[in-house]
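Spelled out from the first residue to the last, the chains are:
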Amino acid sequence: MNGCSLSIRRERLARCLTRRAVLGLGVLTLLLIALAAVTAGTLWLACSAAWDQRWLTALGWLAIAVPCAAGGLRLARCLFAANPPPVGVPLSRELAPSLHALIERVGADFGELRIHTLWITGDINAAVLQRPRSGLCGRMENHLLIGLPLAHSVSERQLGAILAHEFGHLHCQRRALAAWGCHLRAWWFRAVDNCILCCPLLGWLLDHLTLADVARAQTLSRMEEFEADHEAARVVGSPLLAQTLLELAARERFLRCDYWVKVMAQRSRLPRPNVRPYRDMGLGMVAGFLPALDRGECTGEDCGDEDGLHPSLSERLAALREAPALDTRVEDSVAERHLAPLLPRLAWELDRAWWSAARGEWREVYRSVQRRRSGSVA
């Protein structure tokens, strides 16, 4: 499928989903207004009845007002919950001027697209998130997320290809009104998810009404990935993009199926890890791609390369019409070239956040193993 026909199909599907999102948000807003009106009206009637000392009548109106008010507040929380801000370490231009310069060079190939904030995260991934300044409204801002594991995994050339893919999303799918369409779709699905959790009856109804929309959104996401690959290949070339995708998939699989498996295996014998995962990740990445016999266990489910929202690696390579091999050249990683002075601080921040999230489960597993061992000894 060529880029033009793919873009037309994607735009058509995006408009359809945006219209349905606007309709759904409008219906929920009208329901909220109705609940607010019923609450206000019944409270006024309750006050009038109490003024006339008709206490039973006042209690009856209050019995209607209270559940309507509670339902309205719960619906308002579901409807007006904003996307959370990006999670990571913000990196200003003063701290990483060369990395910001690289990002701007790639952005210049897509019409001077601007990144407002650069974040370093703990994922082996890069992504561009668009958020209104105030959460639900305001000026649209672009946030670029680059994972520290990704920085340890790719060279500057490869990061350029990855950034070209992310800028391809902005250039094709999230400019001007299209950005707000994407925001409205995300807002609608977030509201539905919140209703499923907080308003069971309404959530059950919305869940059934939006099943087809979820399937269409998955199709749209896959089409957007192919279109962004097409734009990136136009800028950096198909061979480099394909080789980068293959290299990144290998590194991601190693981290997920070997490195993190070995880090988490310490739970059975240590109350806390004797390594800091992000601090030692650079050396682990180098060691992991040396010949070794023990590479850890990995099931097909753990190491699958397709998640429903993104096409598989083989599909993306087929669309690019490339069959690359892993690059054997030794190049400085992005972490070594652009982030070397900042690595201790970044690793410390990410290790601290990781341990804060993992500490409870880690210690629970450790205590459970120790109890079993004590029982077997006794």
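The coordinates are above.
Keep in mind that what you see is a predicted model, and the values were worked out from it rather than measured. (Residues numbered from 1 in each chain as written. Predicted model: local features only at pLDDT ≥ 70, side-chain atom pairs only at ≥ 80, totals over all residues. Heavy atoms only, no water.)

Student: Quick one: what's the story with the overall build of the protein chain, residue by residue and with numbers?
Tutor: A tally of helices and strands in the protein chain yields 13 helices and 4 strands. Each principal axis of the C-alpha atoms in the protein chain carries an extent, and together these give about 85 × 70 × 40 Å. When burial is assessed residue by residue, the protein chain has 43% of its 378 residues classed as buried. Restricting to contacts in the protein chain with at least 6 residues of sequence separation, those with at least 24 account for 81%. By element, 61% of the accessible surface of the protein chain is carried by carbon and sulfur atoms, the whole surface being about 20600 Å². (Helix = DSSP H or I, 4+ residues; strand = E, 2+ residues; numbered from the N terminus. Buried < 20%, exposed > 50% of the residue type's maximum accessible area, 1.4 Å probe, protein only. Contact = heavy atoms within 4.5 Å. Areas by Shrake-Rupley, 256 points an atom, 1.4 Å probe, with all protein chains shown as cover.)

Student: So, the side chain of Glu 224: which residues are in play, and what are the values?
Tutor: Within the secondary structure layout, Glu 224 lies in helix α8 (residues 211-236). Comment: no salt bridge for buried Glu 224; closest opposite-charge side chain is Arg 185, at 4.1 Å. Non-local contacts of Glu 224, meaning those with residues more than four positions away in its chain, are made with Arg 10, His 169, Gln 173 and Arg 185. (Lys, Arg positive; Asp, Glu negative; His and termini not counted. Salt bridge = Lys/Arg side-chain N within 4 Å of Asp/Glu carboxyl O.)

Student: Quick rundown of the environment of Arg 279? Include the residues and the values.
Tutor: Within the element layout of this structure, Arg 279 appears in the loop between α9 (238-265) and α10 (281-288). C-alpha separation for the pair Arg 279 and Ser 153, spaced 126 residues apart in sequence, amounts to 14 Å. Apart from the residues within four sequence positions on either side, Arg 279 is in contact with Ala 347 and Asp 351. Side chain to side chain, Arg 279 and Asp 280 meet in a polar contact 3.2 Å long. (Polar contact = N/O pair within 3.5 Å; in protein donor to acceptor, adjacent residues only side chain to side chain.)

Student: Break down the sheet that holds strand β2 (residues 117-121) for me, with residues and values.
Tutor: Taken in spatial order, the 4 strands line up as β1-β2-β4-β3 in an open sheet, and their pairing is mixed. Among the strands making up the open sheet, the edge pair consists of β1 (89-90) and β3 (126-132). Pairing between β1 and β2: 2 bridges, direction antiparallel. Across the sheet, residue Pro 90 finds its bridge partner in β2, namely Trp 119. Where helix α5 (residues 156-173) meets the sheet, its contacts fall on β3 and β4 (140-147), and the angle it forms with β3 comes to roughly 30°. (Pairing = 2+ DSSP bridges. Axes fitted to C-alpha atoms, helices over the stretch in contact; angles between N-to-C directions.)

Student: Tell me about the pairing of β4, and please be specific about residues and values.
Tutor: Taking burial as the measure, the 8 residues of β4 include 8 buried ones, the bulk of the element. Covered by surrounding structure in β4 are Met 140, Asn 142, Leu 144 and Ile 146 together with Glu 141, His 143, Leu 145 and Gly 147, the residues of both alternating faces. The pairing of β2 with β4 spans 5 bridges and is parallel. Within β4, the residue paired with Thr 117 across the bridge is His 143. Two elements, β3 and β4, share 7 bridges in a ladder whose sense is antiparallel. Following the sheet pairing, Val 128 is matched in β4 by Leu 144.

Student: How would you sum up a nonpolar patch on the surface? Please name residues and give values.
Tutor: Side chains of Leu 43, Leu 56, Leu 59, Leu 62 and Val 66 sit close together on the surface and give an oily, nonpolar patch of about 490 Å² of accessible area. The dominant element in the nonpolar patch, judged by the number of residues it contributes, is helix α2 (residues 55-79), at 4 residues. Relative to the helices and strands, Leu 62 resides in helix α2. For Leu 62, a relative accessible area of 34% gives the class partly exposed. (Patch = residues over 30% accessible without salt bridge, like charges linked within 9 Å, V, L, I, M, F, W, Y side chains within 5 Å.)

Student: Explain the nonpolar core to me, and be specific about the residues and the numbers.
Tutor: Membership of the largest hydrophobic core comes to 59 residues, with the highest contact counts inside it found for Leu 91, Leu 99, Ile 103, Leu 150, Leu 163, Phe 167 and Leu 339. The element contributing the most residues to this core is α9, with 11 residues. When sequence neighbours within four positions are dropped, the list of residues in contact with Leu 91 reads Ala 96, Leu 99, His 100, Leu 118, Ile 120, Leu 339, Leu 342 and Leu 346. Residues Leu 32, Leu 75, Trp 188 and Cys 195 belong to the second largest nonpolar core, which totals 15 residues. (Core = buried A, V, L, I, M, F, W, Y, C linked by side-chain atoms within 4.5 Å.)

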